[in-house]
Every structure is written in C-alpha cells, then in structure tokens.
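# Descriptive structure summary
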Amino acid sequence: MIEKAAFGAAFVILETMKHQIDFYTSYNQFYITDKDAGGATNSDKFWTTEAFTERLAVEDGILGVGVECYGPVKGEVYLLNSSNDTTILDEYDHIVEAGIEIKSGVIQIMDCPNSNVELELRVEIGLYRVRIYSCNLASVDGDEGEDYYKIEIWPDAKMERKVLKQYSV
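In this text, all values refer to a predicted model and were calculated from it rather than measured experimentally.

Now for the overall build of the chain. Across its full length, the chain carries one helix and 12 strands. When its helices and strands are written in sequence order, the chain yields β-β-β-α-β-β-β-β-β-β-β-β-β. In the chain, which comprises 169 residues, the proportion classed as buried is 46%. Restricting the contact set of the chain to residue pairs at least 6 apart, pairs at least 24 apart contribute 73%. On the chain, roughly 8800 Å² of surface is accessible, and the fraction owed to carbon and sulfur atoms is 47%.

On to the pairing of strand β11 (residues 148-155). Counting buried residues in β11 gives six out of eight residues, a clear majority hidden from the surface. Bridge analysis of strand β6 (residues 72-80) against β11 gives five bridges, and the strand direction is parallel. Residue pairing in the sheet places G75 in a bridge with Y149 of β11. Bridge count for strand β10 (residues 126-135) against β11 is eight bridges, and the pairing is antiparallel. Bridging from a neighbouring strand, S134 pairs with Y149 of β11.

Let's shift gears to the pattern of salt bridges. Under the criterion given, the structure shown has nine salt bridges. Ionic pairing is found between R161 and E50, a salt bridge with its closest N-O pair at 3.0 Å. Placement of the pair is R161 in the loop between β11 and β12 (162-165) and E50 in helix α1 (residues 49-54), with a sequence separation of 111 residues. Accessibility expressed as a relative area gives 45% for E50, which makes it partly exposed.

Turning to the environment of V65, a few remarks are in order. With respect to the element layout, V65 can be found in strand β5 (residues 62-66). Judged by relative accessible area, which is 0%, V65 ranks as buried. In the structure, V65 is positioned 31 residues away from V96 in sequence and 9.5 Å away in space, judged by C-alpha atoms. Setting aside residues no more than four positions away along its own chain, V65 makes contact with N28, Q29, F30, I32, W47, R55, L56 and I132.

Right, let's talk about the sheet that holds strand β9 (residues 117-122) for a bit. Two strands in a sheet stick together by hydrogen bonds in their backbones, pointing the same way (parallel) or opposite ways (antiparallel). Taking strand neighbours across the sheet as the criterion, the five strands line up as β4-β5-β3-β8-β9 in an open arrangement whose pairing is antiparallel. Bordering the open sheet on either side are β4 (56-59) and β9, each of which pairs with just one other strand. In this sheet, neighbouring strand axes are inclined to one another by 15 degrees on average, regardless of whether the strands run parallel or antiparallel. Where strand β3 (residues 29-34) meets β5, five bridges bridge the pair, whose relative direction is antiparallel. Looking across to β5, one finds that F30 is bridged to V65.

Once that is clear, we can look at the packing of aromatic side chains. Following the criterion strictly, the structure yields five aromatic pairs and no others. Plain terms: the ring middles of F23 and F30 are 5.6 Å apart, the flat faces sit at 90 degrees to each other, and that makes the pair edge-to-face. No difference in accessibility class separates F23 from F30, as the two residues are buried. Lying across the ring of Y78, K150 places its NZ or CZ 5.5 Å from the centre. Just above the ring of Y133 sits the side chain of K150; from NZ or CZ to the centre is 5.0 Å.

This next bit is on the nonpolar core. Among the nonpolar cores identified, the biggest contains 30 residues, and F30, I32, V73, V130, I132, I151 and I153 are the most heavily contacted of them. Per element, the largest residue contribution to this core is four residues, and it comes from strand β7 (residues 94-102). Non-local contacts of V130, meaning those with residues more than four positions away in its chain, are made with I32, L63, V96, E97, A98, I100, I151, E152 and I153. Grouped together as the second largest cluster of nonpolar side chains are eight residues, Y31, W47, I62 and M110 included.

About the thresholds
Residues numbered from 1 in each chain as written. Predicted model: local features only at pLDDT ≥ 70, side-chain atom pairs only at ≥ 80, totals over all residues. Heavy atoms only, no water. Helix = DSSP H or I, 4+ residues; strand = E, 2+ residues; numbered from the N terminus. Buried < 20%, exposed > 50% of the residue type's maximum accessible area, 1.4 Å probe, protein only. Contact = heavy atoms within 4.5 Å. Areas by Shrake-Rupley, 256 points an atom, 1.4 Å probe, with all protein chains shown as cover. Pairing = 2+ DSSP bridges. Salt bridge = Lys/Arg side-chain N within 4 Å of Asp/Glu carboxyl O. Axes fitted to C-alpha atoms, helices over the stretch in contact; angles between N-to-C directions. Phe/Tyr/Trp six-rings, centres within 6.5 Å; stacked < 30°, edge-to-face > 60°. Lys NZ or Arg CZ within 6 Å of the ring centre and 35° of its normal. Core = buried A, V, L, I, M, F, W, Y, C linked by side-chain atoms within 4.5 Å.

Right under this line is the structure:
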C-alpha cells in the first residue's frame, strides 16, 4: 500500500504495510518482541515507575506497551521504510517511541500474560524504531473502551525511549 502524507506544502510518499490488530490482553499491556527474545520478562528493570508513566517498558528484544483498557486491544501496525514525520500531535492522547533490535528477522505482537502471538511480521535483521500512538484513552470505563493504538515500525539505530506526548488523566 502506498499512502500519501501531508508534509508542509509538499507531499511525501510513504510505502507502508498495514496490519490490523484486535485481541484480548490483561494487565493493561501487550508486547512487541523479537521472536527469539522469548516473550514477557520478569526483570525489575522492565516495568519501572517511569515505564508505567510513559506507557512503554524497554529491554533487549522486547517492548512492553501500556494500554488503557484491561482487555480488548484494537489498532493498526504499519511497517515503514523511514520515520513518519507528518504526525499531528493533537490527534492523539499519548505518543511514545523506542528502539528494538530484531535478531531473528521476525517481529511479534503478543498478548499478556499468555504471550500468545497475535501478529507476526517478517523484517530484515537489524535495529528498528517503534512509535506507539494512543487515542480515545478517556473513553475507557472499567475494563473496556474505545481506546485505539497505532504502531509504526521502521529501520533506525536510535534505541532510547522518548515520549513525544504525555497523557495525563
């Protein structure tokens, strides 16, 4: 799929591969992992206070994504050739990104706590940047709501976690 994205007065063509996600998870989280990373982690360095606040836990080969709902996760995953620099921050409640190394050539989206593979994407072995956009977070009442997650993944050597927009209740 080729998607046109506005960039100032010009247009940039982004080659994208789009995948829908719709699955059940628990504990307000799911994982983005390298297939060889083995799923969830029990490390004290993973879900730190900072990671909970920023809605993204980071360790070698695994990212833990914090979601507002306790159960159903809906969204879309985009594989891009490069960073999407056309995002309008006002359209989202929270935006965070970090890097992940993919040694196996396979990125997996997994639920929590069972680590069931919900989506598997074949990519080149290497370093990737993952940006998670969260919207409709205030709609969640109890375990469910209309929260929605857009995930963009592209090759990039930047590994640090960075919050582009922080959600505050």
